[in-house]
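These are the residues of each chain, in order.
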Amino acid sequence: MAALALAVTACQDSDPGEQTPTVYDIVELEASGDSGSSMVLRHGDSEPVYMTTSTLFDNQIIAPGDCFFIGYQVLQEGNPQQVKTITYSQINNSKVQVESLDKYPGWDQDEVYLLAIWRAGDKIVVRCRLPYDDNPRAFFLLADTTTLSAPYPDLYLVHQLPTNHTDTYLRQYYAAFDASQILALDTCQGVTVHIANSNLVDQRIFQL
């Protein structure tokens, strides 16, 4: 380690000076127009952080209300923050489906390598690795109708690969599931999410 550190130090010809770090987040687009775009960052029970950028996002690709991945630099602190967009990309956005779990007895037949899960306002955001496949698969968050009156309704991350799938490498995915119709219930205090987690097999239930 000392030799490696010495080698790295030797490669630096001069002090690069103060650097502006690039931050990576999942944010929700509020609006995008001629004057720029506005976004909001939500995480758990923390206060939302509002941001503005001069970047114009194509609403046919990322529509208001959609979550997306962004790398940015903060130009001016405050709320809203002024930021410079460095990179951005779409993620999967869908609504939580409300059905009986009995319709999906194989909801956990294909495991999910879970990296992170969190509440972002009314959205449930999942970061995971899934086997790569060009063919359509079932991948959605299901609210079991039999639990909707509970303080924490049960949600299940359904993942079913196509029948002709062969073993492939894992790719990283982000997905945001709109749970607003569940969280708006008078009896709802949060949700319990069940995931067939292959990363930590003893951690498959998450209360959010």
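Look up: the structure comes first, before these words.
Everything in this summary refers to the structure shown in the same document. The structure presented is a predicted model; accordingly, all values stated were derived computationally and were not measured.

## Examining empty space enclosed by the protein
Part 1 of the argument: Within the structure shown, the criterion is met by one cavity of 30 Å³ or more.
Part 2 of the argument: Here the largest cavity defines a volume of roughly 50 Å³.
Part 3 of the argument: Ile-26, Val-27, Glu-28, Val-40, Arg-42, Cys-67, Ala-120 and Val-125 are the residues that line the largest cavity.
Part 4 of the argument: Among the elements that make up the lining of the largest cavity, the one with the highest residue count is strand β1 (residues 23-33) (three residues).
Part 5 of the argument: Classifying every residue of the lining of the largest cavity by side-chain character gives six nonpolar, no polar and two charged.

## Considerations on the layout of surface pockets
Part 1 of the argument: Of the voids in this model, the largest pocket is the one considered here, and its volume is about 190 Å³.
Part 2 of the argument: Along the wall of the largest pocket there are 14 residues; nearest its centre are Asn-92, Leu-130, Arg-137, Phe-139 and Tyr-173.
Part 3 of the argument: Only β6 (92-95) and β12 (170-178) provide two or more residues apiece to the lining of the largest pocket.
Part 4 of the argument: The element best represented in the lining of the largest pocket is β12, accounting for four residues.
Part 5 of the argument: A class-by-class count of the residues in the lining of the largest pocket yields seven nonpolar, four polar and three charged.

## Section: the sheet that holds strand β10 (residues 138-144)
Part 1 of the argument: Sheet architecture is open: five strands sit in the order β7-β10-β11-β13-β14, paired in mixed fashion. Each edge of the open sheet carries a strand with a single partner, namely β7 (97-99) and β14 (205-207). The average undirected angle you get between the axes of adjacent strands in this sheet is 30 degrees.
Part 2 of the argument: Examined bridge by bridge, strand β11 (residues 154-160) and strand β13 (residues 192-194) share three bridges and lie parallel to one another. When the sheet's bridge partners are listed, Asp-154 is paired in β13 with Thr-192.

## Details of the pairing of β11
Part 1 of the argument: The element β11 is extensively covered by neighbouring structure, given that six of its seven residues are classed as buried.
Part 2 of the argument: In this sheet, β11 lies alongside β10 in antiparallel orientation, the contact comprising six bridges. Looking at β11, one finds that Phe-139 is bridged to His-159.

## With respect to the pattern of salt bridges
Part 1 of the argument: Within this structure, the stated rule accounts for five salt bridges.
Part 2 of the argument: Glu-99 is paired through a salt bridge with Lys-103; the nearest N and O atoms lie 2.6 Å apart.
Part 3 of the argument: Between Arg-204 and Glu-111 there is a salt bridge; the shortest N-O distance is 2.5 Å. In this pair, Arg-204 sits in the loop between β13 and β14 while Glu-111 sits in the loop between β7 and β8 (113-120), placing the two residues 93 residues apart along the sequence.
Part 4 of the argument: Residue Arg-204 is classed as partly exposed on the basis of its relative accessible area, which comes to 26%.
Part 5 of the argument: Take Glu-111: its relative accessible area is 39%, and that puts it in the partly exposed class.

## Regarding the nonpolar core
Part 1 of the argument: In terms of nonpolar packing, the biggest core is built from 23 residues, with Val-96, Ile-117, Phe-139, Leu-141, Phe-177 and Ile-195 touching the most fellow members.
Part 2 of the argument: Secondary structure elements with two or more residues in this core: β8, β9 (123-131), β10, β11, β12 and α2 (180-183).
Part 3 of the argument: Broken down by element, the residue count for this core peaks at four residues, all from β9.
Part 4 of the argument: Discounting chain neighbours no more than four positions away, the residues touching Val-96 are Leu-141, Leu-142, Ala-143, Leu-155, Phe-177, Asp-178, Ala-179, Gln-181 and Ile-182.
Part 5 of the argument: Val-27, Leu-29, Ile-70 and Tyr-72 belong to the second-largest nonpolar core, a separate cluster that totals 11 residues.

Cut-offs and rules
Residues numbered from 1 in each chain as written. Predicted model: local features only at pLDDT ≥ 70, side-chain atom pairs only at ≥ 80, totals over all residues. Heavy atoms only, no water. 1 Å grid on protein atoms, 1.4 Å probe; cavity = no way out; pocket = protein on both sides within 12 Å on 5 of 7 lines; lining within 4 Å. Points joined across faces, edges and corners; volume = space filled by probe spheres on them. Helix = DSSP H or I, 4+ residues; strand = E, 2+ residues; numbered from the N terminus. Nonpolar A, V, L, I, M, F, W, Y, C, P; charged D, E, K, R; others polar. Pairing = 2+ DSSP bridges. Axes fitted to C-alpha atoms, helices over the stretch in contact; angles between N-to-C directions. Buried < 20%, exposed > 50% of the residue type's maximum accessible area, 1.4 Å probe, protein only. Salt bridge = Lys/Arg side-chain N within 4 Å of Asp/Glu carboxyl O. Core = buried A, V, L, I, M, F, W, Y, C linked by side-chain atoms within 4.5 Å. Contact = heavy atoms within 4.5 Å.

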